[in-house]
Amino acid sequence: MLSSEYQSLILERFPESEHPRILVQLREVDRFLTLTSTHQRRFIPLTEEADLIWHEMIVQTRRYAAYCEALPSGGFVHHESIGFEDYASEVGVERAVRGLLEWIPEYVHTFGAFTEEAAEHWAILRFLREVVGLDLPAINRLTGDAEHHVPPAAHA
């Protein structure tokens, strides 16, 4: 959990942005880091906007290190710029795709259902909604067995 001092510091770095939106991004980045801390090599892409928040958190090195120590794993969460294609070539396409989906039930179990405001900060959720055609309630019902939840049109 981000301290109020750490949150304020981040908010100061984005004065042109709407603070309520930045607070949601901070919350989602916090959730991302919580989930990522126990699965360091999992590929969970945030949106570019949310990633900028993470970058700003990292720049505050002492606070970020202390924050990471308080995460479930207690270990430093490293940032690595890697695209999906590079990640998939490293771990295999099937494992990469499965990894994109398997954290969704974990998120819902840990933090509750995705809300509209939260969902917009996760790149894979945008893809599932805009390309695959899943609505948010369907995404929130995913159990990790993605094959049974993808609409038939998405298999074509």
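Values in this document were obtained by computation on a predicted structure and should not be read as measured data. (Residues numbered from 1 in each chain as written. Predicted model: local features only at pLDDT ≥ 70, side-chain atom pairs only at ≥ 80, totals over all residues. Heavy atoms only, no water.)

Caption draft 1: Quick peek at the nonpolar core. Counting residues in hydrophobic clusters, the biggest one holds 41 residues, and the most contacted among them are Leu33, Met57, Phe114 and Leu128. Looking at this core, the element that brings in the most residues is helix α2 (residues 19-37), giving six residues. Apart from residues lying up to four places away in sequence, Phe114 is in contact with Trp103, Ile104, Tyr107, Val108, Ala119, Trp122, Leu125, Leu136, Ile139 and Asn140. (Core = buried A, V, L, I, M, F, W, Y, C linked by side-chain atoms within 4.5 Å. Buried < 20%, exposed > 50% of the residue type's maximum accessible area, 1.4 Å probe, protein only. Helix = DSSP H or I, 4+ residues; strand = E, 2+ residues; numbered from the N terminus. Contact = heavy atoms within 4.5 Å.)

Caption draft 2: Structural view of the confidence of the model for the protein chain. Across the protein chain, the average pLDDT comes to 82, with 85% of residues at 70 or higher. Per-element confidence in the protein chain ranges from a low mean pLDDT of 37 for helix α10 (residues 152-155) to a high of 95 for helix α7 (residues 116-119). (pLDDT = per-residue confidence, 0-100.)

Caption draft 3: Expanded view of the environment of Glu102. Turning to its location among the elements, Glu102 is positioned in helix α6 (residues 93-111). Put simply, Glu102 and Leu142 are 40 residues apart on the chain and 8.8 Å apart in space, counted from C-alpha to C-alpha.

Caption draft 4: Looking closely at the packing of aromatic side chains. With the rule as written, the count across this model stands at twelve aromatic pairs. Seen from their ring centres, Tyr107 and Trp122 are 5.7 Å apart, and the 80° between their planes marks the pair as edge-to-face. Of this pair, Tyr107 sits in helix α6 while Trp122 sits in the loop between α7 and α8 (123-132), placing them 15 residues apart in sequence. Tyr107 sits in the buried class, given a relative accessible area of 0%. A relative accessible area of 0% places Trp122 in the buried class. Feature note: the residues Phe32, Trp54, Trp103, Tyr107, Phe111, Phe114 and Trp122 constitute an aromatic cluster, connected by ring pairs. (Phe/Tyr/Trp six-rings, centres within 6.5 Å; stacked < 30°, edge-to-face > 60°.)

Caption draft 5: A look at the pattern of salt bridges. A complete count under the given rule lists eight salt bridges for this structure. The closest approach of N and O atoms between Glu5 and Arg63, which form a salt bridge, is 2.5 Å. Of this pair, Glu5 sits in helix α1 (residues 4-12) while Arg63 sits in helix α4 (residues 61-69), placing them 58 residues apart in sequence. Arg63 gets classed as partly exposed once you look at its relative accessible area, which sits at 35%. Salt-bridge contacts for Glu49 lead to Arg21; the nearest nitrogen and oxygen are separated by 2.5 Å. Placement of Glu49 in helix α3 (residues 48-59) and of Arg21 in helix α2 is noted, with a sequence separation of 28 residues between them. Sharing partners across several salt bridges, the network here consists of Arg27, Glu28, Arg31 and Glu117. (Salt bridge = Lys/Arg side-chain N within 4 Å of Asp/Glu carboxyl O.)

Caption draft 6: Looking closely at the side chain of Thr47. Its location among the elements puts Thr47 in the loop between α2 and α3. Relative accessible area serves as the criterion here: at 4%, Thr47 is assigned to the buried category. Once residues within four sequence positions are removed from consideration, Thr47 is found in contact with Glu120, His121, Trp122, Ala123 and Arg126.

Caption draft 7: Summary view of α8. Among all positions of α8, only Ile124, Leu125, Leu128 and Val132 are buried. Taken end-on, α8 shows its buried residues confined to a sector of 110°, consistent with a single buried face. Of the exposed residues in α8, those oriented more than 90 degrees away from the buried face are Glu130 and Val131. Gly133 sits one or two residues past α8 and shows a positive phi near 95°. (Arc of directions from axis to C-beta.)

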